[in-house]
Amino acid sequence: MILLNPGPVNVSPRVTAALARGDLCHREPEYGALQASIRSQLLRAFTPGGGFTAILVTGSGTAALEAAVTSVLSARGRLVVVSNGVYGERIAAMVEAARLPHTVVAGPWTEPPDLAAVERALGAPDVEAVAVVHHETTTGLLNPVAEIGRLARARGKLVLVDSVSGLAGDALGVDTADLIVGTGGKCIQAFPGLGFVLVREEAMARLATYPRRSLYLSLPVHHEAQERGTVPFTPAVQLAYALDEALAELLEEGVAARIARYAAAARLLRDGFTKLGLGFVLPPALRSNSITSLWLPSGRTYAALHDGLRMHGFVIYEGQGRLAREIFRVANMGQLARADFARFLAALAEVLGT
Ligand SMILES: *Cc1c(COP(=O)(O)O)cnc(C)c1O
């Protein structure tokens, strides 16, 4: 099955084989070495300029994100949440659930955020951090993380970036970011179930002094143990093997080359969608390298499109939230070849009857 959903993705045989490296107790030195290898490969891949620490969190991307969001404020702080899609709304729901003070700057899902509104929200004296989604998977929209980061930095606020679907798919300037959340199961091409947060060292020192809002999802708890070469709780050992292998594969390919490969795949798909007369939800300037959202052609249901393509061996993805009935999404994450995309376009033409 070719997965054209935004994670889980098709992985290489090498990554699948790594799952079977062998049984291992996480309290033995071999696990410490594995964890150290993953952490250093994450830093080499995404923060080559240094100054960051990597923290692994067993759980899906949402777990790592919730750990970051609930660890970023002092007892007196407020979080500004920039929201233009389902994932921005999810960050707002996290601070809501943790009963932390927050201000949501919400905007239309098909447009970049209103930077003047973000700047106004940052002006409140108790604001300590801003959270923004790098790649809004809802539509495939790239947010202006660098601009928001500069606005926040100028005021001494921390910048938390949800790059769960961005890292290794689209470039992310990490100079203006303090916490970057990612997962193994999307553009890094490992399995779901292991997430991570890259935290600027100075910020980590501050976070360590803040109140704990969760036993399991506390970044300082995981960081402190991982710095000692151990873990606070049982990690997903086999997923760690696979993530270690996927990161080695990513560094061999090169992060810039991975991003270029995804961009080329997206171009190939989008040329095909244009030829098929499909309508794009976003203008070209806002589109990421790894997801294309398209309007459902009139008279078509998502279910019919999905089921028709599945018979050809392809899994597409439905719209989310208020766009659920209007759009469908095609992701090009994972270890896929140009031939896979060409076969997909042929299958799509057949299912659409064009
Ligand atoms: C997928 C995704 C998440 C959540 O990841 P899960 O692994 O599904 O928990 C968070 N943010 C963004 C932007 C995503 O695309």
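Keep in mind that this is a model prediction, so the values were computed, not measured.

Trainee: It is not clear to me how the packing of helix α2 (residues 29–46) against helix α9 (residues 237–253) should be interpreted in this structure. Could you clarify?
Mentor: Two numbers describe a pair of packed helices, the interaxial angle and the distance between the axes. Running from N to C, α2 and α9 point in directions that differ by 35 degrees, and their axes come no closer than 9 Å. Helix-helix and strand crossings are classified by hand; for α2 and α9 the assignment is left-handed. Touching Tyr31, Leu34, Ser37, Ile38, Gln41, Leu42, Arg44, Ala45 and Phe46 of α2 are Val237, Ala240, Tyr241, Leu243, Asp244, Leu247, Ala248, Leu250 and Leu251, all from α9. When grouped by side-chain class, the residues that make up the contact of α2 with α9 number 14 nonpolar, 2 polar and 2 charged.

Trainee: What is the right way to read empty space enclosed by the protein from this model?
Mentor: In this approach the atoms are scanned with a rolling probe the size of a water molecule, which exposes any empty space left behind. Inspection of the entire model under this criterion finds 2 cavities of 30 Å³ or more. Taken as a whole, the largest cavity spans an internal volume of roughly 90 Å³. Elements that contribute at least two residues to the lining of the largest cavity include exactly α2, β2 (52–58) and α8 (219–227). A per-element tally of the lining of the largest cavity places β2 first, with 3 residues.

Trainee: Whenever I open this one, the sheet that holds β2 confuses me. Can you help?
Mentor: Picture the strands of a sheet paired through backbone hydrogen bonds; they go either parallel or antiparallel. Spatially, 7 strands are ordered β2-β10-β9-β8-β5-β3-β4 in an open sheet, and the strand pairing comes out mixed. Each edge of the open sheet carries a strand with a single partner, namely β2 and β4 (102–106). Across this sheet, the average inter-strand angle for adjacent strands is 20 degrees, counted without regard to direction. Pairing of β2 with strand β10 (residues 194–200) involves 7 bridges; the strand directions are antiparallel. Bridge pairing in β10 links Phe52 to Arg200. On top of the sheet, helix α3 (residues 61–69) reaches β2, β3 (78–83), β8 (158–162), β9 (179–183) and β10; it is set at about 165 degrees to β9, its chief contact.

Trainee: Help me understand the packing of aromatic side chains in this model?
Mentor: Each aromatic ring pair is specified by the distance between its two centres and by the angle formed by the two planes. Using the criterion set out here, one finds 4 aromatic pairs in the structure. The residue whose ring lies beneath Lys186 is Tyr87, and the NZ or CZ to ring-centre distance is 5.8 Å. The ring of Phe280 is capped by Arg287, whose NZ or CZ atom sits 4.1 Å from the centre of that ring.

Analysis parameters
Residues numbered from 1 in each chain as written. Predicted model: local features only at pLDDT ≥ 70, side-chain atom pairs only at ≥ 80, totals over all residues. Heavy atoms only, no water. Axes fitted to C-alpha atoms, helices over the stretch in contact; angles between N-to-C directions. Helix = DSSP H or I, 4+ residues; strand = E, 2+ residues; numbered from the N terminus. Left-handed = near helix turned anticlockwise from the far one by under 90°. Contact = heavy atoms within 4.5 Å. Nonpolar A, V, L, I, M, F, W, Y, C, P; charged D, E, K, R; others polar. 1 Å grid on protein atoms, 1.4 Å probe; cavity = no way out; pocket = protein on both sides within 12 Å on 5 of 7 lines; lining within 4 Å. Points joined across faces, edges and corners; volume = space filled by probe spheres on them. Pairing = 2+ DSSP bridges. Phe/Tyr/Trp six-rings, centres within 6.5 Å; stacked < 30°, edge-to-face > 60°. Lys NZ or Arg CZ within 6 Å of the ring centre and 35° of its normal.

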